[in-house]
Number of protein chains: 2
Amino acid sequence: MSTLSIDRHDLALLDALQRSGDATNATLGEAVHLSASQVSRRLQRLQEAGLITGYAALLDPAALGLDVMAFAHVVLERHGGVRTEAFEDGVAALPEVLECFSVSGNADYVLRIVAPDLAAFSELMMKRVLRLPGIANIKTDIVLGKVKQTHVLPLEHIARPGRPRRGVRFTVS
Amino acid sequence: MSTLSIDRHDLALLDALQRSGDATNATLGEAVHLSASQVSRRLQRLQEAGLITGYAALLDPAALGLDVMAFAHVVLERHGGVRTEAFEDGVAALPEVLECFSVSGNADYVLRIVAPDLAAFSELMMKRVLRLPGIANIKTDIVLGKVKQTHVLPLEHIARPGRPRRGVRFTVS
DNA sequence: CTCATAATGCACGAAACGTGCGTATCGGCA
DNA sequence: TGCCGATACGCACGTTTCGTGCATTATGAG
C-alpha cells in the first residue's frame, strides 16, 4: 500500500500519453513544460503506481478486414446452480469476443464481438457463441456506423476545484 | 492506393505490438525471429499502410477513480427531418462518452459511458446526456462486473489456409 | 537454369533513455 | 518573517535503442 500524489503535470502526461503513447520524453516534456528527465521519472512512478497499465499499438479493424461489430445481450438459464463460470470461461476463450460485462437490466451479460463479415459473424454466433453452456437467450445489436470511438479516459473529474491544492491523494495497493 | 503483402512475420508483429506496444525492436525481433532492423522496417511499412493507427498508454480506470461504466441505448424522436447530426455532435463533445455507435435493433444508438461514481453518472445523464437534442428514450445497462476486456483484435482470419502462399493481399488507399 | 526483385543481417552514426548530482522550490514550524 | 528538511527540478553523461546504408541471400517469374 502506497500513497501517490498526482499534480497537474501528471494529469497532462497521462492525457498526452493516452493519445500518443509513442511520444518521446522530450516531446512530452515540451507539452507539459518539464525536462525529459523529469518526464522519465514521473512516468516510472505512474507506472509503478498502476495508473499506467501498459502500452499498446492500435490497429485499424477495417484495414485488417474486421468489418462487422456487434453487441450481444445474453440471458442465462435460471436453474438454481451457478452455471455462470462455464459461460464466462467459454467467452474468455473466444478471441472475437473483445469484451464481456455482466450488467444490470434485462440481460445478464453484454458482449462486444468482431468478425470479418456477416457470414463469418453468423457462423461464429451459431457454432461458438450460442453453444456456450447455460445460455437461455441472445439479442444482438449489429453496429451500423461509428459516431465516436476512443480509448481516452476522461480525467476532468480529478483535481476538481475546491479540493487539495497540491496534488490529489491516491491509494494503491 | 497501394498494395501490401502481409506475411506471418507481420501478423506476429501486429499481435505482439497490440499486447505490448513499448517493446523494443530487438525484443520483438526475438519473438518473431527477425533482426531489430527488419522489425523497424516492417513497423514503418505497417504504419504507413494504416494497419497501425497509433500507440497509446493504457490507463486503469479504477485507479483513476472511474468506477462506473454503463451502456446507454438511445432512441431518437421520429420527426421527418434529420435531427441526428445535432445529437451526434453533442455526444462527440462529451468526454465521458467513450463510444457511440448507431446500431440495428430496437435502439438507434449505443453509448458507452464512464463516470467516477453513481452520483456523478446520474448527474451526467440528467444534465448532459438527456438534454441532447432529439432524444425520445434511453435505456441504460450499468456494468456490474468485468468478465473480459481487451483491445487485442483477432488476427486468425488472416492468412487462412488454402489462400496465397506467401502473403495476403491488402489494398489500402 | 537465369535473372530481376525483394528480403535479410550487420554495421554505424544519430537519437532517446534514465541515473547521478548540484541547485531551486515548496511547505511546515518556530 | 525567517529557517530547514523534503521534494522537485534541469543538466550532464554513459548506455541503450533506433533506423539507414550496404553487401549477401532468398524468392519467384520466364
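Structure: see above.
One structure accompanies this document, and this report is about it. Remember, predicted model here, so these are calculated numbers, not experimental data.

## With respect to the overall build of chain A
Helix and strand counts for chain A come out as five helices and seven strands. For chain A, the succession of helices and strands along the chain, N to C, is β-α-α-α-β-β-α-β-β-α-β-β. Here chain A, with 173 residues, has 46% of them falling under the buried criterion. Taking the intrachain contacts of chain A between residues at least 6 apart in sequence as the baseline, contacts between residues at least 24 apart amount to 69%. Working note: accessible area of chain A is about 9200 Å², and carbon and sulfur atoms make up 50% of it.

## Notes on the protein's contact with DNA strand D
Taken together, 14 residues are adjacent to DNA strand D, and Ser35, Gln38, Arg41 and Arg42 of chain A together with Arg41 of chain B come closest. At a separation of 2.7 Å, a phosphate oxygen of DNA strand D approaches a polar side-chain atom of Arg42 of chain A. At 3.0 Å from a phosphate oxygen of DNA strand D is found a main-chain nitrogen or oxygen belonging to Asn25 of chain B. Looking at side-chain class alone, the surface near DNA strand D contains one nonpolar, nine polar and four charged residues.

## Description of the protein's contact with DNA strand C
Near DNA strand C there are 15 residues, and of these Arg41 of chain A together with Ser35, Gln38, Arg41 and Arg42 of chain B occur at the shortest range. Of all DNA strand C atoms lying within 4 Å of any protein atom, the proportion belonging to sugar or phosphate reaches 51%. Side-chain polar atom of Ser40 of chain A to a phosphate oxygen of DNA strand C: 3.2 Å apart, as the coordinates give it. At 2.8 Å, a side-chain N or O of Arg41 of chain A approaches a base oxygen of DNA strand C. Its residues assigned to classes, the surface near DNA strand C comprises two nonpolar, nine polar and four charged.

## Details of the pairing of strand S4 (residues 97-103) of chain A
The element S4 of chain A is largely enclosed, with a buried count of seven among its seven residues. For S4 of chain A and strand S5 (residues 109-115) of chain A, the ladder comprises five bridges, and the chain directions are antiparallel. Residue pairing across strands places Phe101 of chain A opposite Val110 of chain A, the latter belonging to S5 of chain A. Hairpin remark: S4 of chain A followed by S5 of chain A, antiparallel, with five residues in the connecting loop; positive phi at Gly105 of chain A, about 105°. Across five bridges, S4 of chain A lies against strand S6 (residues 135-149) of chain B in antiparallel orientation.

## A look at the interface of chain A and chain B
Taken together, the contact between chain A and chain B spans 65 residues of the former and 65 residues of the latter. Between chain A and chain B, the buried area comes to about 5700 Å², and carbon and sulfur atoms account for 64% of it. Applying the counting rule to chain A against chain B returns two salt bridges. Counting every contact that joins chain A to chain B gives 33 residue pairs in polar contact (both at pLDDT 80 or more). Within the residue set of the side of chain A that touches chain B, elements represented by two or more residues are helix H1 (8-19), strand S2 (52-59), strand S3 (68-76), helix H4 (84-92), S4, S5 and strand S6 (135-149) of chain A.

## Quick look at the relation of the copies chain A and chain B
Once chain A has been moved 0.0 Å along the axis and rotated by 180°, it coincides with chain B to within an RMSD of 0.0 Å. When the rotation and shift are considered jointly, the pair of chain copies conforms to a two-fold rotation axis. For chain A, the minimum C-alpha distance to the rotation axis belongs to Ala56 of chain A and amounts to 2.8 Å.

## Section: the packing of helix H1 (residues 8-19) of chain B against helix H3 (residues 36-48) of chain B
Residues and elements named next belong to chain B. Taken N-terminus to C-terminus, the directions of H1 and H3 make an angle of 80°; their axes are 11 Å apart at the nearest point. Here H3 runs roughly perpendicular to H1, going by the angle between their axes. Mapping the contact onto sequence places His9, Asp10, Leu13, Leu14 and Leu17 in H1 and Val39, Arg42, Leu43, Arg45 and Leu46 in H3. Looking at the contact of H1 with H3 residue by residue, the class counts come to six nonpolar, one polar and three charged.

Conventions adopted
Residues numbered from 1 in each chain as written. Chains lettered and ligands numbered in written order. Predicted model: local features only at pLDDT ≥ 70, side-chain atom pairs only at ≥ 80, totals over all residues. Heavy atoms only, no water. Helix = DSSP H or I, 4+ residues; strand = E, 2+ residues; numbered from the N terminus. Buried < 20%, exposed > 50% of the residue type's maximum accessible area, 1.4 Å probe, protein only. Contact = heavy atoms within 4.5 Å. Areas by Shrake-Rupley, 256 points an atom, 1.4 Å probe, with all protein chains shown as cover. Near = heavy atom within 4 Å. Polar contact = N/O pair within 3.5 Å; in protein donor to acceptor, adjacent residues only side chain to side chain. Nonpolar A, V, L, I, M, F, W, Y, C, P; charged D, E, K, R; others polar. Pairing = 2+ DSSP bridges. Buried area = accessible area lost by both parts, 1.4 Å probe. Salt bridge = Lys/Arg side-chain N within 4 Å of Asp/Glu carboxyl O. Least-squares fit on C-alpha atoms with pLDDT ≥ 70 in both. Axes fitted to C-alpha atoms, helices over the stretch in contact; angles between N-to-C directions. Parallel < 35°, antiparallel > 145°, perpendicular 65-115°, else oblique.

Function-wise, these values are silent; they only describe arrangement.
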